[in-house]
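Each chain, letter by letter, is given below.
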Amino acid sequence: MPTLVDLLARISFLAAMPAVAGILVTASLLVISREWRLNVMSLTLQYFFVVLLLTRLIRLEVAAVKGLIGWMVCMVLYLTERRVDMLRGQEASANSENEVASRRHRRWVMSARTSFCLLAGLMVSVAAYTAALRLPLPEVPRDISLACFLLAGLGLLLIGLSESPMQVGMGLLTFLSGFDLFYVALEPSLAVAGLLGAVSFLIALAAAYLRVAEVAAGSEERTL
Amino acid sequence: MAGIVYIVLRWSSLAALLSFGTALALGVGVVTLPLDQPVQFGGGRQIALGETVVFFGRELVLEQADRMTMAFLFLTAAGIFLLAWRFTPHSLLFPMGLGMLSLLSGALLIQPLIYAALLIEIAAAFSVFALQGEGHAPTRGGLRYLTFTTMALPGLLVTHWLLDRYALTPDETGLLGASAVLLTISFALLLGAVPFHTWVPAVAGEGVPLSGVFVLTVSNGATWFLLLEFLETYPWLSVYPRFEDLLFAVGLVMVILGGALAPAQRRLGPLVGYAALIDSGATLIALGMNSRVGVTLTFLALLMRPFGLSLMAAGLSGLRSRSDGDDGWDALRGLGWKAPWSTAALVIGGLAASGLPISPGFASRWALCRALAPSSPGAALLLLLAGIGVMVGVWRGLFALLVRPRSPEDRSVVPSRNPGDASEGWLTRVLVVLAVLGCLGIGVFPQTLATLAARLAESYTFFLP
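What counts, and at which threshold
Within each chain, residue numbers correspond to sequence positions counted from 1 in written order. Both sets of labels track the order of writing: A upward for chains, 1 upward for ligands. Under the rules for a predicted model, residues below a pLDDT of 70 receive no local features and side-chain atom pairs below 80 are neither given nor counted, while totals for whole chains, interfaces and linings still include all residues. Numbering of helices and strands starts at the N terminus; helices are DSSP runs of H or I of at least 4 residues and strands are runs of E of at least 2. Note that the radius of gyration is over C-alpha atoms, with the globule rule given as 2.2 Å times the number of residues to the power 0.38. Note on contacts: each residue gets a C-beta atom placed from the backbone, and two residues are in contact if those atoms are within 7 Å. Neighbour counting defines burial: a residue surrounded by 20 or more other C-beta atoms within 10 Å of its own C-beta is buried, one with 12 or fewer is exposed, and intermediate counts give partly exposed, using backbone-placed C-beta atoms. The residue classification treats Ala, Val, Leu, Ile, Met, Phe, Trp, Tyr, Cys and Pro as nonpolar and Asp, Glu, Lys and Arg as charged. All others, Gly included, are polar. When buried Ala, Val, Leu, Ile, Met, Phe, Trp, Tyr and Cys residues are joined through C-beta atoms within 7 Å, the set is termed a nonpolar core. Fitting a line to C-alpha atoms yields each axis, with helices limited to the stretch in contact; the angle taken between N-to-C directions then spans 0 to 180 degrees. Angles below 35 degrees are treated as roughly parallel, those above 145 as roughly antiparallel, those between 65 and 115 as roughly perpendicular, and all remaining angles as oblique. Each crossing gets its hand from how the near helix is turned against the far one by less than a right angle, where anticlockwise is left-handed and clockwise is right-handed. How far a helix is expected to stretch is found by multiplying one less than its residue total by 1.5 Å. For the purposes of this description, domain bounds are those given by an automatic or database domain assignment. Think of pLDDT as the predictor's per-residue confidence, scored from 0 to 100.

Looking only at helices and strands, chain B has 20 helices and five strands in total. The globule rule puts the C-alpha radius of gyration for 465 residues at 23 Å, and the 22 Å found for chain B is close to it. The principal-axis extent of the C-alpha atoms belonging to chain B is close to 80 × 60 × 40 Å. A fraction of 76% describes how many contacts in chain B between residues 6 or more apart in sequence connect residues 24 or more apart.

See the structure below:
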């Protein structure tokens, strides 16, 4: 059975610009999409690409632990949204077929909000590219610098575009991933890595708690 | 203890009194126990409070200057827990507040300072749970506070690395400039300085009011002490060109903004936030004076702040519980007759926060105005006007609360038939009376806290001679 080192050695060719491209795509999807399944999947993949880049800066085991924390965070978000979806599904079981069809149709039409988010995401990506060229971060290669700026910029954009707990939570996690990718090169201490992991986990818990509160308050209002 | 309190949260009085007792015992203990002599604890274990404790390889050091600041955090928390016992008994404030207290006191003690930034961030994440009211829509305040604290984290952590590098290569003075900029932005985010102030009225206006005040006094107080610790550790920062001008200008903008927006509010919650914003602005102005008097006034403002804001929040909680969580003028019309004690707490707290004479706020605000008058009379005048702005906001609230019932048919102002709604309970009344007396007592005899503020300022030497 191949070990973790073997597996990572096989995909090490991804740990450069392909991983940065992956981060750009996943972070942009988080900004544009409001479909929770797609968002959770994007965040999971984003952590995978971040771990790939981290392997160039820190020990493999530490990078793997950081990845595990990220995927646990995604699991918390997934379970929360799944539960919320189930609760909503029970309430909306009487929905007519027409409404479902119209929803399917709407899924393929780009709304004004999506267009705006796409444009804003593009502008932030260009700004991140320019920043990586003009103000490269110390102690990290240029491609990782670009990944850091992309994650931080798109994370902040996500926070700014929405007040929904899940979107803000994912924005904060994306922003923190960008900072973490840079900071491990400056301070490789395990204590700092552990505390940053705890921060990520607590942000996910806080977002999940507020999401549940949102649904509970909404259903209470409907029953009144 | 936070875990135990969480388990017994169902028995709200037990949870509240446990939280109050723990915070009070820690506050009294940290002041009265000797630093240099070992103290016998249960199980025959001896601990000297002043000795260095190693926790996960990091040093926790309790110094003389930290004792008073920690006592301030613990005793303020104890007061808030006591008020929350009667006004928001089922809130997560008790376990989360205790958890936050341990993290914030750890932040003040831990070396090096980068860990303090991480502990403050974790405490901010805890505050989201405390701020969220049971059965209410999610509060923007908690999420915003967490967002701004997270955004402040990179600056604080990277500054530490930059300063370490500067120690190795003192020729690179650009590192100092970058550190100064990062630290300024980070603390502006953490303290809610303009233009990063949006979380302040949101924290106070939405969610559990006493949890909001916990964030604005205890968490924010810890951030203020951390800023002073940074200035003491890195004295070049306070003599950095135009640093005190920047502090003064930002503080003044906060005072002007708070003073202008406070009377325009149509809800009581954000009014508490704007009162806190003005107070933070005044504290920044005091720090910007870059003198011993300025540091003393900074401490005095921090020590006086909890009195007015806690009373305001307690009154607001009492009123909200009778108006389905709505604190707009329309929802509050005539409610003063149903909840006179909550109304009294709100009004007296509001007047204390605005700096009215014989209130705790007056002592610090008036002393600051007198210190400012010779050099910046305009700033002193704006500070007084900002206080009047808060007073106008409180007056408008009182006007709505005291609308008299016109007829028995007017259901909005007729006392409720539910006896639980009509009466505020004798314990609540006793608590409000004690809190008001305490507030007025400190207002009439501010020397006790002023002396303490002067002693605290003596521990700091970063300002210009």
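Back to the text.
This paragraph deals with the overall build of chain A. Per the secondary structure count, chain A includes nine helices and zero strands. Listing each helix as α and each strand as β along chain A from the N terminus yields α-α-α-α-α-α-α-α-α. When burial is assessed residue by residue, chain A has 39% of its 224 residues classed as buried. Put simply, 71% of the contacts in chain A that link residues at least 6 apart link residues at least 24 apart.

The subject of this paragraph is the interface of chain B and chain A. Reports of interface size often rely on the accessible area that becomes lost once the parts have come together. Facing the 22 residues of chain B at the interface are 25 residues of chain A. Those elements that provide at least two residues to the side of chain B that touches chain A are helix 5 (114–131) and helix 6 (140–168) of chain B. Considering every element that reaches the side of chain B that touches chain A, the biggest residue donor is helix 6 of chain B, with eight residues. Within the side of chain B that touches chain A, the residues separate by chemical class into 13 nonpolar, six polar and three charged.

What follows deals with unusual backbone geometry. Here the residue pair V194(B) and P195(B) is connected by a cis peptide bond, since its omega of 10 degrees sits within 30 degrees of zero. Within the element layout of this structure, P195(B) appears in the loop between helix 7 (174–191) and helix 8 (199–205).

Moving on to the nonpolar core. F81(B), L104(B) and L210(B) are the most contacted members of the largest nonpolar core, which has 224 residues in total. Filtering out sequence-adjacent residues up to four positions away, L210(B) remains in contact with I80(B), L83(B), A84(B), F87(B), T88(B), L93(B), A313(B), A314(B) and S317(B).

Before going further, it helps to examine the packing of helix 2 (residues 12–32) of chain B against helix 3 (residues 64–87) of chain B. Residue and element names in this part refer to chain B. Viewed as axis vectors pointing N to C, helix 2 and helix 3 meet at an angle of 160 degrees, and their least axial separation amounts to 8 Å. Relative to helix 3, helix 2 is oriented roughly antiparallel. Between helix 2 and helix 3 the crossing geometry is left-handed. Between helix 2 and helix 3, the contacting residues are S13, A16, L17, S19, F20, A23, L24, L26, G27, V30 and V31 on the first element and R67, M70, A71, F74, L75, A77, A78, F81, L82, A84 and W85 on the second. Residues that form the contact of helix 2 with helix 3 fall into these classes: 18 nonpolar, three polar and one charged.

Turning our attention to helix 8 (residues 165–186) of chain A. Compared with the 32 Å implied by 1.5 Å per residue over 22 residues, the 31 Å span of helix 8 of chain A between its first and last C-alpha is a close match. In terms of burial, helix 8 of chain A is largely enclosed, as 21 of its 22 residues are buried.

Our focus in this paragraph is the environment of I58(A). All names here are of chain A. One can find I58 in the loop between helix 3 (36–54) and helix 4 (60–91). Here the alpha-carbon distance between I58 and L186, two residues 128 residues apart in the chain, equals 10 Å. Non-local contacts of I58, meaning those with residues more than four positions away in its chain, are made with A63, V184 and P188.

Next up on the list: the environment of T147(B). Within the secondary structure, T147(B) is located in helix 6. Distance from T147(B) to W199(B), taken between C-alpha atoms, is 9.0 Å for residues 52 residues apart in sequence. Non-local contacts of T147(B), meaning those with residues more than four positions away in its chain, are made with I159(A), V168(A) and L172(A).

Before going further, it helps to examine the domain arrangement of chain B. Residues and elements named next belong to chain B. Once the domains are mapped, chain B shows domain 1 (1–33 + 48–232) and domain 2 (238–465). One C-alpha centre belongs to domain 1, the other to domain 2; they are set 21 Å apart. Contact residues are listed per partner, giving 38 residues for domain 1 and 38 residues for domain 2. Residue assignment for the side of domain 1 that touches domain 2 shows that the elements contributing at least two residues are helix 3, helix 7, helix 8 and helix 9 (209–233). Taken together, the residues that form the side of domain 1 that touches domain 2 break down as 23 nonpolar, twelve polar and three charged.

It is worth spelling out the confidence of the model for chain B at this point. Summing up the model confidence of chain B, the mean pLDDT is 84 and the portion of residues at 70 or higher is 92%. The ipTM assigned to the predicted complex is 0.88, against a pTM of 0.88.

What follows is about the environment of T174(A). All names here are of chain A. Structurally, T174 can be placed in helix 8. Here the alpha-carbon distance between T174 and Q46, two residues 128 residues apart in the chain, equals 8.4 Å. Discounting chain neighbours no more than four positions away, the residues touching T174 are A27, L30, Q46, L151, L154, G155 and L158.

Residue and element names in this part refer to chain B. Over its 21 residues, helix 11 (residues 268–288) extends 30 Å from the first C-alpha to the last, a length consistent with the 30 Å expected when each residue adds 1.5 Å. For helix 11, a buried count of 21 out of 21 residues is recorded, marking the element as mostly surrounded by other parts of the structure. One or two steps after helix 11, the chain reaches N290, where phi turns positive at roughly 50 degrees.

Here we come to the packing of helix 15 (residues 340–354) of chain B against helix 19 (residues 426–444) of chain B. All names here are of chain B. Packing of helix 15 against helix 19 brings their axes to within 10 Å, and their N-to-C directions diverge by 15 degrees. Classed by the angle they form, the pair helix 15 and helix 19 counts as roughly parallel. The way helix 15 lies across helix 19 gives a crossing that is left-handed. Touching W341, A344, A345, I348 and A352 of helix 15 are T428, R429, V432, A435, V436, C439 and G443, all from helix 19. Its residues assigned to classes, the contact of helix 15 with helix 19 comprises nine nonpolar, two polar and one charged.

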